[in-house]
Amino acid sequence: MIDEPTRRLDEGALRALVPRVLAGLVRRGEDFDAAEDALQEALLEALRVWPEHPPRDPRAWLATVATRLVDAHRSEAARHRREEQTYAEPRPAATEEGDDTRWRPAASSAQEAAIARLARDGLTNTEIGAQLFLSARTVE
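Report on the accompanying structure. (Residues numbered from 1 in each chain as written. Predicted model: local features only at pLDDT ≥ 70, side-chain atom pairs only at ≥ 80, totals over all residues. Heavy atoms only, no water.)

**Some words on the overall build of the protein**
Let me state the cut-off plainly: The numbering of helices and of strands both runs from the N terminus, where a helix is a DSSP run of H or I of at least 4 residues and a strand a run of E of at least 2. For the exposure calls, accessible area comes from a 1.4 Å probe over protein chains only, and a residue counts as buried if that area is under 20% of its type's maximum, exposed if over 50%, partly exposed in between. For the accessible areas, the method is Shrake-Rupley and the probe is 1.4 Å, while residue cover comes only from the protein chains on display.
Counting secondary structure elements, the protein contains six helices and two strands. Secondary structure elements of the protein, listed N to C terminal, follow the sequence β-β-α-α-α-α-α-α. Classification of the 140 residues of the protein by burial places 24% in the buried group. Of the roughly 10200 Å² of accessible surface on the protein, a fraction of 52% belongs to carbon and sulfur atoms.

Below, the structure is given as C-alpha cells:
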C-alpha cells in the first residue's frame, strides 16, 4: 500500500479498496449516497495521514473513518431536526405578571396540601406564596 523508502501511496491498491469498503458500509445498513460521501472524505483523510502514519490494515482504517463520518453526519442531521422542531413550536404566551417561561420548581405534595388548605380559607395566590415562602407563580 505504501512504499516505505519513498513514502508514496499505491493508488491502485487504494482504488481497489474503495468498492469493498463501500459495499461493507452499505451492507451495514448505511444509505448508499451517505456511505459514498463519507468514503470520499475518508480517502482524502487517508491521503493526508497515511504518508506519515500508515495503518496496519488500510481497509479497516477506511471503513472505521467512513463509519464515523456517516455517524457524525447522521447525528448532526438529527440535532438540526430537533432544533427546527423546537423553534417551530409556539412559545408560551407571557402572563400578566411577566414571562412565565422560565423554570420553577414544582410544589411538593405537602406544599400542595398546604396550598389547598390556605386557598380554601380564602387567601390569594400572593398571600399563599408569602405564607409558604413561594412565588405566586409556584402556587398557581
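After that view of the structure, there is still more to cover.
**Some points on a negative patch on the surface**
How we decide: Patch membership needs two things, relative accessible area over 30% and no salt bridge, and members are linked within 9 Å if like-charged or within 5 Å if nonpolar (Val, Leu, Ile, Met, Phe, Trp, Tyr). Think of a salt bridge as a Lys or Arg side-chain nitrogen and an Asp or Glu carboxyl oxygen that are within 4 Å of each other. The charge count treats Lys and Arg as positive and Asp and Glu as negative. His and the chain ends do not count. The location of each charge is read from NZ of Lys, CZ of Arg, CG of Asp or CD of Glu.
There is a patch of like negative charges on the surface, built from Asp31, Asp33, Glu36, Asp37 and Glu41. As for its placement among the helices and strands, Asp33 is situated in helix α2 (residues 32–49). A residue is classified by how much of its surface remains accessible, and Asp33, at 49% relative accessible area, is partly exposed.

**A look at the side chain of Glu30**
Relative to the elements of secondary structure, Glu30 occurs in the loop between α1 (11–27) and α2. Residue classification places Glu30 among the buried residues on the basis of a relative accessible area of 6%.

**Some thoughts on the packing of aromatic side chains**
Using the following cut-off: Any two rings among Phe, Tyr and Trp, with Trp reduced to its six-membered ring, count as a pair given centres within 6.5 Å; such a pair is stacked if its planes are under 30 degrees apart, edge-to-face if over 60, and tilted if neither.
In the structure shown here, the tally under the stated rule is one aromatic pair. Judged by centre distance (5.2 Å) and plane angle (70°), the ring pair of Trp50 and Trp61 falls under edge-to-face. One end of the pair, Trp50, is in the loop between α2 and α3 (58–88); the other, Trp61, is in helix α3, with eleven residues separating them in the sequence.

**Focus: the nonpolar core**
This is how it is decided: Nonpolar cores are built from buried Ala, Val, Leu, Ile, Met, Phe, Trp, Tyr and Cys residues. Side-chain atoms within 4.5 Å join them into one set.
The biggest cluster of nonpolar side chains holds 17 residues, and the ones touching the most others in it are Leu39, Trp50, Leu62 and Ala66. Within the residue set of this core, elements represented by two or more residues are α1, α2 and α3. Of the residues forming this core, the biggest block, seven residues, is contributed by α2.

**Topic: the pattern of salt bridges**
Summed over the entire model, instances satisfying the criterion amount to eight salt bridges. For Glu30, the salt bridge identified is with Arg28, shortest N-O distance 2.9 Å. Under the relative-accessibility criterion, Arg28 is labelled partly exposed at 45%. Taking the shortest distance from any N to any O, the salt bridge between Arg74 and Glu30 comes out at 2.4 Å. With Arg74 in helix α3 and Glu30 in the loop between α1 and α2, this pair connects stretches of sequence that are 44 residues apart. By sharing partners, the salt bridges in this structure join Arg28, Glu30, Asp71 and Arg74 into a single network.

**Some points on the side chain of Thr67**
As a reminder of what qualifies: Think of a polar contact as two N or O atoms within 3.5 Å of one another; within protein, one of them needs to be a possible hydrogen donor and the other a possible acceptor, and neighboring residues in sequence only count if both atoms come from side chains. Contact between two residues is taken to exist if any of their heavy atoms lie within 4.5 Å; hydrogens are not considered.
Following the sequence through the fold, Thr67 ends up in helix α3. There is a polar contact of 3.0 Å between the side chain of Thr67 and the side chain of Arg28. The contacts of Thr67, once residues within four sequence positions are left out, are Leu25 and Arg28.

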